[in-house]
Amino acid sequence: MSPAHLDPPALLDRLSREPRAALCHLPTPLEAMPRLTAALGGPALYVKRDDLTGLAFGGNKLRKLEYLLGAAVADGADCVVTCGVPQSNHVRQTAGASAKLGLECHVVTLKGRVAKDDAAYLTSGNALVTRLLGAVAHEVAWSGDRNGAIEQIAADLRAAGRRPYIVPYGGSNGRGALGAVHAACELVGQIGEMGLEVTALAHCSGSAGTQAGLGVGLAAVAPEIRLIGIDIDAEPERVLGDVRRIAAETAELLGLADTLGDIEFDVRAGFAGPAYGVVAPETVEAIELAARCEGLVTDPVYSGRGMAGLIGLVRGGEFEAGEAVVFLHTGGTPGLFAYPDVF
Ligand SMILES: Cc1ncc(COP(=O)(O)O)c(C=O)c1O
């Protein structure tokens, strides 16, 4: 195990040099999950409640948006352009954050990534809240290119005299991941206050910014904590490549690229079901177990898959009984209402 390069206040000091918009209720709680721990008979399990970041039903994307939209405001932007599937949590949170900051939010809605076209999927849950928040929707067919269409919408807005700020798919780039660096600092502080010896942090990983930022943060201040990203896209190689690329950008922004060098990342495959947005039986079992043991609500596309990964790793003997493992609940609960048939 390598020693910490910085202490949390020193890392927070570097973060404080970047523009930031206050959007989240922080710190989010860190709580024990004693009944889930007992049900699984494994390590002591804890949950870091980033589903409770607050604005517009909360979630992990708000942490990224503090830094992304902080930069948008500093740049004098008057509108935001982002993209996502109809049930995107990222789009919902971007629409909420934009509303709060008085920025018009343009959303490229990518139709067809998930082969679901029922009314619940297309209009309830995140889709309903995004409409309510006043986002301007531009529908585009999914081509596999996540960010292509936002450039065109931004160009059209510029041609009309506007000043758009582009927020990439999932809010995942080096700047967005600063929010997850901040989360890592916050968590390490809470672990210290609670006198815990946490050995691992597990969470679901998709557009990769969360894992990249957590990895940079932990490598800097708590390298003894293992970070395990659970692939929820059924594309573990792509996720790992994106995590590495974004982490390098984030470390560069913080002036830590040379200090941290190449960080090793762990992206776990096998818990994503057949494809993004297709609900596997293990995910339903995990969602029900967490709900019935802890009253903890997770969703079928993101946090429930992460929970299925955590449960699968515990059952598979990944951790010793004496370890303490934190699950980062990244939010996504409005997505539950898009899958009424599953429950
Ligand atoms: C609820 C939820 N959890 C986790 C993630 C994954 O985070 P990241 O995209 O930073 O990998 C997302 C991304 O959309 C999400 O909406």
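Residues numbered from 1 in each chain as written. Predicted model: local features only at pLDDT ≥ 70, side-chain atom pairs only at ≥ 80, totals over all residues. Heavy atoms only, no water.

Below, the discussion takes up the overall build of the protein chain. Summing up its helical and strand segments, the protein chain has 13 helices and 10 strands in all. Expected size for 343 residues packed as a compact globule is a radius of gyration near 20 Å; at 19 Å, the protein chain falls within 12% of this value. Seen through its principal axes, the protein chain has C-alpha atoms that stretch 60 × 50 × 35 Å. Burial status across the protein chain gives 58% buried among its 343 residues. Looking at the protein chain as shown, the accessible area adds up to about 13200 Å², and 53% of this sits on carbon and sulfur atoms. Here the protein chain contributes 28 positive and 40 negative side-chain charges, whose respective centroids are spaced 4 Å apart. (Helix = DSSP H or I, 4+ residues; strand = E, 2+ residues; numbered from the N terminus. Rg over C-alpha atoms; globule rule 2.2 N^0.38 Å. Buried < 20%, exposed > 50% of the residue type's maximum accessible area, 1.4 Å probe, protein only. Areas by Shrake-Rupley, 256 points an atom, 1.4 Å probe, with all protein chains shown as cover. Lys, Arg positive; Asp, Glu negative; His and termini not counted. Charge placed at Lys NZ, Arg CZ, Asp CG, Glu CD.)

On to the domain arrangement of the protein chain, then. Each domain of the protein chain was delimited in the assignment, giving domain 1 (8–58 + 174–342) and domain 2 (61–171). Domain 1 and domain 2 are separated by 23 Å when their C-alpha centres are compared. Taken residue by residue, the interface counts 42 residues in domain 1 and 37 residues in domain 2. Of the roughly 3100 Å² buried where domain 1 meets domain 2, counting both sides, 60% is carbon and sulfur surface. The interface formed by domain 1 and domain 2 includes 3 salt bridges. Counting across the interface, domain 1 meets domain 2 through 10 residue pairs in polar contact (both at pLDDT 80 or more). If you list the elements that add at least two residues to the side of domain 1 that touches domain 2, you get helix H8 (178–194) and helix H9 (209–221). Residues that form the side of domain 1 that touches domain 2 fall into these classes: 19 nonpolar, 13 polar and 10 charged. (Domains from an automatic or database assignment. Contact = heavy atoms within 4.5 Å. Buried area = accessible area lost by both parts, 1.4 Å probe. Salt bridge = Lys/Arg side-chain N within 4 Å of Asp/Glu carboxyl O. Polar contact = N/O pair within 3.5 Å; in protein donor to acceptor, adjacent residues only side chain to side chain. Nonpolar A, V, L, I, M, F, W, Y, C, P; charged D, E, K, R; others polar.)

A separate point is the nonpolar core. Residues Leu11, Leu201, Leu214, Leu218, Leu254 and Leu260 are the most contacted members of the largest nonpolar core, which totals 45 residues. Contributing elements (two or more residues each) for this core: helix H1 (8–15), H8, strand S7 (198–205), H9, helix H10 (236–253) and strand S10 (324–329). The biggest single contributor to this core is H8, with 9 residues. Not counting chain neighbours up to four residues away, the residues in contact with Leu254 comprise Leu11, Arg14, Leu15, Leu178, Val181 and Val216. (Core = buried A, V, L, I, M, F, W, Y, C linked by side-chain atoms within 4.5 Å.)

What follows concerns H8. The end-to-end C-alpha separation of H8 is 25 Å, in line with the 24 Å expected for 17 residues at 1.5 Å each. Of all 17 residues that make up H8, 13 are buried, and the element is covered over most of its length. Just beyond H8, the residue with positive phi is Gly195, at close to 70°. (Expected span 1.5 Å × (residues − 1).)

The 4 strands lie next to each other as S5-S4-S3-S6, forming an open sheet whose pairing is parallel. Single-partner strands in this sheet number two, and they are strand S5 (136–141) and strand S6 (164–166). The sheet shows a mean angle of 25° between the axes of neighbouring strands, direction not considered. Pairing geometry for strand S4 (residues 104–111) and S5, over 6 bridges, is parallel. Within S5, the residue paired with Val108 across the bridge is His138. (Pairing = 2+ DSSP bridges. Axes fitted to C-alpha atoms, helices over the stretch in contact; angles between N-to-C directions.)

Taken in spatial order, the 6 strands line up as S1-S2-S10-S7-S8-S9 in an open sheet, and their pairing is mixed. Bordering the open sheet on either side are strand S1 (30–32) and strand S9 (267–268), each of which pairs with just one other strand. Bridge count between S7 and S10: 4 bridges; the pairing is parallel. Bridged to Ala200 within S10 is Val325.

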